[in-house]
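Observations on the model geometry
The residues making up each chain are set out below.
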Amino acid sequence: MIAPPARRVRPGARGTGKRLGTGADLDNRRTRLLFPAPAVITVLALVAFPLAYTLWMSLHDWSGSLSESARWVGLGNYRRIFFEDSRFWGAFWRTLLFGGATVVIQAVLGTGLALLLNREFRGRNTIRTIALLPMVTTPVVVALTWTLILNPTQGVIPMLMPQLHLPQVLWLSDPKIVLLTLILVDTWEWTPLIMLITLAGLAALPHEPLEAARVDGASPWQTFWWITLPLLRPAIVVAVLFRAIDAIKTFDIIYAMTQ
């Protein structure tokens, strides 16, 4: 056989092709970086800069007046808060108690309501809509409404206490009760959020494992504990994280109800 003639390659042709490929990759890389740029700039402007500025202010003594310059104190502010301010640790532990109690109660109630409202029955969509109303109400309005309900002289609940043969309770004045009152009000307002996220998780669950468990004779409790709950855990974790972050930052209902 006669071999075909070898293809001649001009010197520098391979290198030229490589350089063209590198230039195209560089353009694509620049294009990919261009799309997330607005989001990155927004995060830097709204999150990173305020956080850095707050850290800078925490290391200075400054009244906030433009006519006064900030004075560097280093860790003096932190030392005064942690070791000299007697109110800090009490507020810290009360914040953890409030946040932890509200998140646990709301996670249990929200998951239970989601399981109930996930069933087929008449008026289900109406009940779902009504259950979401506390969540869409302004927190200050919720706080003022509950302040009127718990008013010791004109509130509905104090009026019902004697008829139920229960002792009167100063819901917003007794230091032993007021934290529990705030936990209950926050639970009433934000349990629908966990219910909503859990309902979305239930709607996305596969039906095959549930049908297989039903065929194998598993009880409703066994089906829930061993199949539904493990599959639902990612949605519950997301809901709990959202509520934990928000519960620690709660200010509006606490200030509006207790000043």
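Structure report, in brief.

Parameters at a glance
Residues numbered from 1 in each chain as written. Predicted model: local features only at pLDDT ≥ 70, side-chain atom pairs only at ≥ 80, totals over all residues. Heavy atoms only, no water. Helix = DSSP H or I, 4+ residues; strand = E, 2+ residues; numbered from the N terminus. Contact = heavy atoms within 4.5 Å. Salt bridge = Lys/Arg side-chain N within 4 Å of Asp/Glu carboxyl O. Buried < 20%, exposed > 50% of the residue type's maximum accessible area, 1.4 Å probe, protein only. Core = buried A, V, L, I, M, F, W, Y, C linked by side-chain atoms within 4.5 Å. 1 Å grid on protein atoms, 1.4 Å probe; cavity = no way out; pocket = protein on both sides within 12 Å on 5 of 7 lines; lining within 4 Å. Points joined across faces, edges and corners; volume = space filled by probe spheres on them. Nonpolar A, V, L, I, M, F, W, Y, C, P; charged D, E, K, R; others polar. Axes fitted to C-alpha atoms, helices over the stretch in contact; angles between N-to-C directions. Phe/Tyr/Trp six-rings, centres within 6.5 Å; stacked < 30°, edge-to-face > 60°.

Turning to its location among the elements, L170 is positioned in the loop between α8 (156-163) and α9 (178-203). Excluding anything up to four places from it in sequence, L170 contacts P152 and I177.

Taken as a whole and assessed by the stated rule, the structure comprises 5 salt bridges. When the shortest N-O distance is used, the salt bridge between E120 and R124 registers 3.5 Å. The exposed category is assigned to E120, whose relative accessible area is 67%. Residue R124 is classed as buried on the basis of its relative accessible area of 16%. Notably, a salt bridge pairs R243 with D186, separated by 2.8 Å at the nearest N-O pair.

Moving on to the nonpolar core. Residues A143, W146, L150, V185 and M257 are the most contacted members of the largest nonpolar core, which totals 13 residues. Elements supplying a minimum of two residues to this core: α7 (139-149), α9 and α12 (252-258). Discounting chain neighbours no more than four positions away, the residues touching M257 are A143, W146, T147, L150, L172, T181, L182 and V185. Counting residues in hydrophobic clusters, the runner-up holds 11 residues, among them A114, L229, L232 and I236.

A few words on unusual backbone geometry. Across residues other than glycine, the phi torsion is negative in most instances, and most of the peptide bonds are trans. Its identity is not glycine, yet H165 carries a phi of approximately 60 degrees, on the positive side. Position of H165 among the secondary structure elements: in the loop between α8 and α9. Non-glycine residue Q259 carries a positive phi angle of around 55 degrees. Within the element layout of this structure, Q259 appears in the segment after α12.

What follows is about the layout of surface pockets. Of the voids in this model, the largest pocket is the one considered here, and its volume is about 660 Å³. Surrounding the largest pocket, 18 residues form its lining, L115, N118, R119, L210 and T228 being those nearest its centre. Counting residues per element, the ones that place at least two in the lining of the largest pocket are α4 (86-117), α9, α10 (208-215) and α11 (220-248). Among the residues making up the lining of the largest pocket, the classes are represented as 10 nonpolar, 6 polar and 2 charged. Among the secondary structure elements, those contributing two or more residues to the lining of the second largest pocket are α4, α9, α11 and α12. In terms of residue count, α4 provides more of the lining of the second largest pocket than any other element does, 4 residues in total. The residue makeup of the lining of the second largest pocket, split by class, is 11 nonpolar, 3 polar and 1 charged.

Our focus in this paragraph is the packing of α7 against α8. Where α7 contacts α8, the two axes come as close as 5 Å, and the packing angle between them is 35 degrees. On α8, the residues touching W146, L148 and I149 of α7 are V156, I157 and P158.

The geometry of an aromatic ring pair is captured by two quantities: the separation of the ring centres and the angle between the planes. The full count for this structure, using the stated rule, is 12 aromatic pairs. Measuring from ring centre to ring centre gives 5.1 Å for F92 and W93, while their planes differ by 75 degrees; the resulting arrangement is edge-to-face. Taking the relative accessible area as the measure of exposure, F92 reaches 33% and is therefore partly exposed. Between W221 and F224, the ring centres sit 5.8 Å apart and the planes meet at 40 degrees, which makes this aromatic pair tilted. Linking W221 with F224, this pair stays in helix α11, spanning 3 residues, or about one helical turn. Look at F224 and you get buried, because its relative accessible area is 18%. A connected cluster of aromatic rings, assembled from ring pairs, spans F82, F88, W89, F92 and W93.

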